[in-house]
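Remarks on the overall topology
Listed below are the residues making up each chain.
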Amino acid sequence: MSVRILSAAQMRWADAAAMAAGMTGFDLMDRAGKAVTDAVLEHMPDFGRVVIVTGSGNNGGDGFAAARYLRQRGVPVTLVMLTPLDQLPENVRLHAQLARDVGAKLREAVCDVSFTELNRWLARAVIVVDAILGSGVNRVLAGRVAEAVAQINLSGRPVLSIDIASGLNADTGQVMGDAIHAGYTLPVAACKWGYWMGHGPEYSGTLLPVACIGIEDALLCRAWSAVADPSACEHTVPLNSANFIDVEAMERGWPRRSRLSHKGSFGHVWVFGGSPGFTGAPKLAALGALASGAGLVSMVCPDEVWPVVAAGSLEAMVHSHSSRCWQSDDAEEVVAQADAVVAGPGWGIGQQSLLTRLLATSRPLLLDADALNMIAADARLQASVRERSGVTVLTPHPGEAARMLGCSVDEVQADRKRSVLKLARCYASWVVLKGHETLISSPAGDLTLNPFGSPQLAVAGSGDVLAGMLGRQLAFWRRQGGDIGSMIAAAVALHGSAGERSGWYLASELAGVVASMRQSIEKRH
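I will try to describe carefully the structure that is included in this document.

Calculation criteria
Residues numbered from 1 in each chain as written. Predicted model: local features only at pLDDT ≥ 70, side-chain atom pairs only at ≥ 80, totals over all residues. Heavy atoms only, no water. Pairing = 2+ DSSP bridges. Helix = DSSP H or I, 4+ residues; strand = E, 2+ residues; numbered from the N terminus. Phe/Tyr/Trp six-rings, centres within 6.5 Å; stacked < 30°, edge-to-face > 60°. Buried < 20%, exposed > 50% of the residue type's maximum accessible area, 1.4 Å probe, protein only. Lys NZ or Arg CZ within 6 Å of the ring centre and 35° of its normal. Salt bridge = Lys/Arg side-chain N within 4 Å of Asp/Glu carboxyl O.

Here we come to the sheet that holds strand 5 (residues 125-131). The strands that make up a sheet pair up through hydrogen bonds in the backbone, lying either parallel or antiparallel. Pairing in this open sheet of seven strands is parallel, and the strands run 4-3-2-5-6-7-9 from one edge to the other. The open sheet is flanked by strand 4 (105-108) and strand 9 (206-207), the only strands paired with a single partner. Note that strand 5 and strand 6 (residues 159-162) share three bridges and pair parallel. Note that in strand 6 the partner of V129 across the bridge is L160.

Right, here's the structure in full:
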């Protein structure tokens, strides 16, 4: 099952729908508390006192429920409450009383005198559980809550936040004045966008597996259509679904190879690219395709660079533009030899005629780099992209995305979710918006977020390797079928995961890491 991503409002809708279907708020808190207990026991650095700081809402209820289960496991627990017990909602108060009944210490920190309780217990904690605010925060922190967040951050103790670090906006990752610097975040029921947006990665720490609390997956999925996403509120930019790539989803993109397979089983990728001074780009794309499992790769490059590209390519077949009549009207017949086409790496911006012919074919087509720049500058090419009958994948970095949308890079980066949805709708294509936490959108507005990656990928040629990997997935999909969105996501995830590995610094070396990881995955299946 995919890992769902919901906005704060969508999560509230799913909670309400679950309760309307028969669940109670008490039960939801109880199940969340069990998950928090397991997470605390797994990640506490040593046996000792757990301090849980609670607010007045459901997040606090999760904390009280966790206290009861921790006490039942023999763990000493102190609950420092930022709201008096008699002012808590009924379900939350009931969990607080049950925690007290099994020996958890309840201490109020609601005035200047009692607030010293917080610092006293923080000093004795081996781990702190942040159960203050959860995903509903939408205003700047103030008063005792702001003081508590500051004191927890100063304590030097490891912190586990329930659902999201208190003070972090669940939709945008904006810090609302101040926020908990969590060492761990335990998502409840579904992931929230704020983990990855804005300053979210700096405050969320290690993202733990989602805590399942009994809300059916069908309800989570219905939330997307029931409540508009803040970044997709215009009718021209719909959000149909949003998911997160985990390791299992990545590995499903690389099934075990049949004993009877041959190079034709895994597709033939054709790469169009290269120009004077940029002969490495198509070769790196070819390496990416081969590293990710393509059976055959051919390159097509301008005549003036053909000798250089051909001399440096042992595994790929290399053709010049003039050698295969690419400028004639039989491009469809020639491209019929390909299972998928990658166009653009290092190509220059003078190939509009050939690009037009490639757009007119029905083969799966990935457009990268200079192909995107040519499209951004030519309305006729833009129309040709929208009107294609075959699958089209666009792979812009933020600068290319800005050119294609006619806006600034800052505008793209300010709301990457909105930008990728707008590109997908405008160009009727799959879009892979590269960068920190790459986003993938289908033409219908299905979003997938890739959490894998590293600043090591900020090196010349890494995007070319990805283009080739995606070309391989398109070729494999044409040969053997499957869910194309999952295959695209798996390639993006494997590329990012390889980028996290140490021991490489050249894009050609990155391709080797990809090959090693892909082979290991295939053997495990």
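Further remarks concern the packing of aromatic side chains. Counted by the stated rule, this structure contains four aromatic pairs. Between F266 and F476, the ring centres sit 6.2 Å apart and the planes meet at 10°, which makes this aromatic pair stacked. Residue F266 is located in the loop between helix 9 (247-251) and strand 11 (268-272), and its partner F476 is located in helix 19 (residues 462-480); the two are separated by 210 residues in the primary sequence. Side by side, F266 and F476 carry an identical accessibility label, which is buried. In textbook terms, an aromatic cluster arises when at least three aromatic residues are bridged by ring pairs, as seen for Y195, W196 and F244. The lysine or arginine in question, R68, covers the ring of Y69, its NZ or CZ lying 4.6 Å from the ring centre. Between the NZ or CZ atom of R472 and the centre of the ring of F476, over which it lies, the distance is 4.4 Å.

Another point: the pattern of salt bridges. The full count for this structure, using the stated rule, is 15 salt bridges. R144 serves as the salt-bridge partner of E147, at 3.1 Å between the closest nitrogen and oxygen. Placement of the pair is E147 and R144 together in helix 6 (residues 143-154), with a separation of three residues, close to one helical turn. Taking relative accessible area as the criterion, R144 reaches 24% and is therefore assigned partly exposed. Note that R479 is salt-bridged to D339, the shortest N-O span being 3.1 Å. Taken together, the positions of R479 in helix 19 and D339 in the loop between helix 12 (331-335) and strand 14 (340-343) put the pair 140 residues apart, joining distant regions of the chain. The partly exposed category is assigned to R479, whose relative accessible area is 47%.

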